[in-house]
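As a plain string of letters, each chain reads:
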Amino acid sequence: MLTRREALLGAATATVAAAAVSALPAMAAVENVEDLPREKVTLVPPPFVHAHEQVASGGPKIKEFTLNIEEKPMVIDDEGTVLQAMTYNGSIPGPLMVVHEGDYVELTLRNPDTNTLAHNIDFHAATGALGGAELTLVNPGEEAMLRFKATRPGVFVYHCAPGGPMIPWHVVCGMAGTIMVLPRDGLKDENGKPLAYDRIYYVGENDFYIPRDENGNFRAYESVGDSYDDMLQVMRTLTPTHVVFNGAKNALTGDKALPAKVGERVLIVHSQANRDTRPHLIGGHGDYVWEEGKFANPPAKDLETWFIRGGSAGAALYTFLQPGIYAYVNHNLIEAVELGATAHFTVEGDWDDDLMKQVMPPRPIVAG
Ligand SMILES: [Cu+2]
């Protein structure tokens, strides 16, 4: 007869055996990660995006990235106002990283000894360990390597999160970017039909909080550390002095406007790590918009303005149908015009009279 003790022991042994069996494939799977093909990715500064496949041609890979943290002064408007910035790879925003669902992101985060502060990285695309922030805190002169599996498709913010009041300060001083995790078979419309893009641009929006002197002029500081106390006071007002795309007012206008051609499908990835925003393309639309930026959800269609929640990235696909200059703005128009949140697309191609034609030019109204 099986005693209760024997039954329990047996059950325990069986459990151990089952655990051992189930552990085997898991361990094998972990070992297999090291056997996956590797690809070293060279990042490029926004608004541009490194070369990548939209539909993955093979199985999962380990994608290797390096981000160098740079603390440095950056001019953020036409008046020469200087932000003591903190950046990934020297740009605001940090570069857009592209992988496919199921790939492993292997990031080397370097904090050179020329910097003064500790930094790290929190990937909203990652699971556990504060998005990786817990594993990547590096002092000047240190580097850390983090690997995570990209399990959810979409565009996701990454940002510095070194703890306490350092978190918002590092973010509003520039330490945020985006990773795009594409479905292995690419983007799809609401019916599951493939969607492709001919160009991709990455617009990273920032709110800056530059302290003013007693005369109301923006103050300059010797180093990023020097700016902290004063900036914190401005941050606490929740009223930014600048709201800009890609690190500075007019960073994406004039000769830095975003080129496109009539008929091209342009994917605009837009992030805001700290604050809500509402992108709008004047004279254009969002043909397909992933407002929340997550590609497992069907895109919204024909949007006039879309909403990007603070702490997230979104993606909008638009085929330009008319040539001309298109302003791409945060449709809080005060922020667009007064604070800087405006970019321009310069679109070349043929005009389509069917879509728009001036049927009567302005002329005096004749009385009677
Ligand atoms: Cu930082």
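About the thresholds
- Residues numbered from 1 in each chain as written.
- Predicted model: local features only at pLDDT ≥ 70, side-chain atom pairs only at ≥ 80, totals over all residues.
- Pairing = 2+ DSSP bridges.
- Helix = DSSP H or I, 4+ residues; strand = E, 2+ residues; numbered from the N terminus.
- Axes fitted to C-alpha atoms, helices over the stretch in contact; angles between N-to-C directions.
- Core = buried A, V, L, I, M, F, W, Y, C linked by C-beta atoms within 7 Å.
- Buried ≥ 20, exposed ≤ 12 C-beta atoms within 10 Å, placed from the backbone.
- Domains from an automatic or database assignment.
- Contact = placed C-beta atoms within 7 Å.
- Arc of directions from axis to C-beta.

> Run through the sheet that holds strand S8 (residues 154-159), naming residues and quoting values.
Strand order across the open sheet formed by four strands is S4-S9-S8-S6, with mixed pairing between neighbours. In this open sheet, the two edge strands, each paired with only one partner strand, are strand S4 (96-100) and strand S6 (122-123). With six bridges joining them, S8 and strand S9 (residues 176-182) adopt antiparallel strand pairing. If you follow His-159 over to S9, its bridge partner there is Ala-176.

> Residue-level account of the sheet that holds strand S14 (residues 258-261), with values.
Pairing is mixed across the open sheet formed by four strands, whose spatial order is S14-S21-S20-S16. Lying at the two open borders of the sheet, with one neighbouring strand each, are S14 and strand S16 (279-281). Between one strand and the next, the sheet's axes are offset by a mean angle of 25 degrees, whatever the strand orientation. Where S14 and strand S21 (residues 342-348) come together, four bridges link them in parallel fashion. Residue pairing across strands places Ala-260 opposite Val-347, the latter belonging to S21.

> Which residues make up the nonpolar core, and what are the values?
In this structure, Ile-179 and Val-269 are the most contacted members of the largest nonpolar core, which totals 88 residues. Two domains each put at least three residues into this core: domain 1 (38-183) and domain 2 (201-348). Among residues more than four places away in sequence, those in contact with Val-269 are Leu-96, Val-155, Thr-178, Met-180, Ile-200, Tyr-202, Ala-313 and Ala-315.

> Quick one: what's the story with helix H3 (residues 224-235), residue by residue and with numbers?
For H3, the full list of buried residues reads Val-224, Ser-227 and Met-231. The buried residues of H3 occupy an angular sector of 50 degrees when projected down its axis, which confines them to one face. In H3, those exposed residues whose orientation departs by more than 90 degrees from the buried face are Gly-225, Asp-229 and Gln-233. In this structure, the buried side of H3 is in contact with strand S2 (62-75), strand S3 (82-88) and helix H2 (166-172).

> Provide a residue-level description of unusual backbone geometry, including the pertinent values.
A cis amide bond links Pro-46 with the next residue in sequence, Pro-47, at an omega value of 15 degrees. Checked against the element boundaries, Pro-47 lands in the loop between strand S1 (38-40) and S2. Geometrically, the link from Ile-92 to Pro-93 is a cis peptide bond, its omega value of 0 degrees lying close to zero. Following the sequence through the fold, Pro-93 ends up in the loop between S3 and S4.

> Please provide a residue-by-residue account of the environment of Ala-118, values included.
Within the secondary structure, Ala-118 is located in the loop between strand S5 (104-111) and S6. Taking the C-alpha atoms as reference points, Ala-118 and Pro-162, separated by 44 residues in sequence, lie 7.0 Å from one another. Setting aside chain neighbours within four positions, we find Ala-118 in contact with Leu-137, Val-138, Asn-139 and Pro-162.

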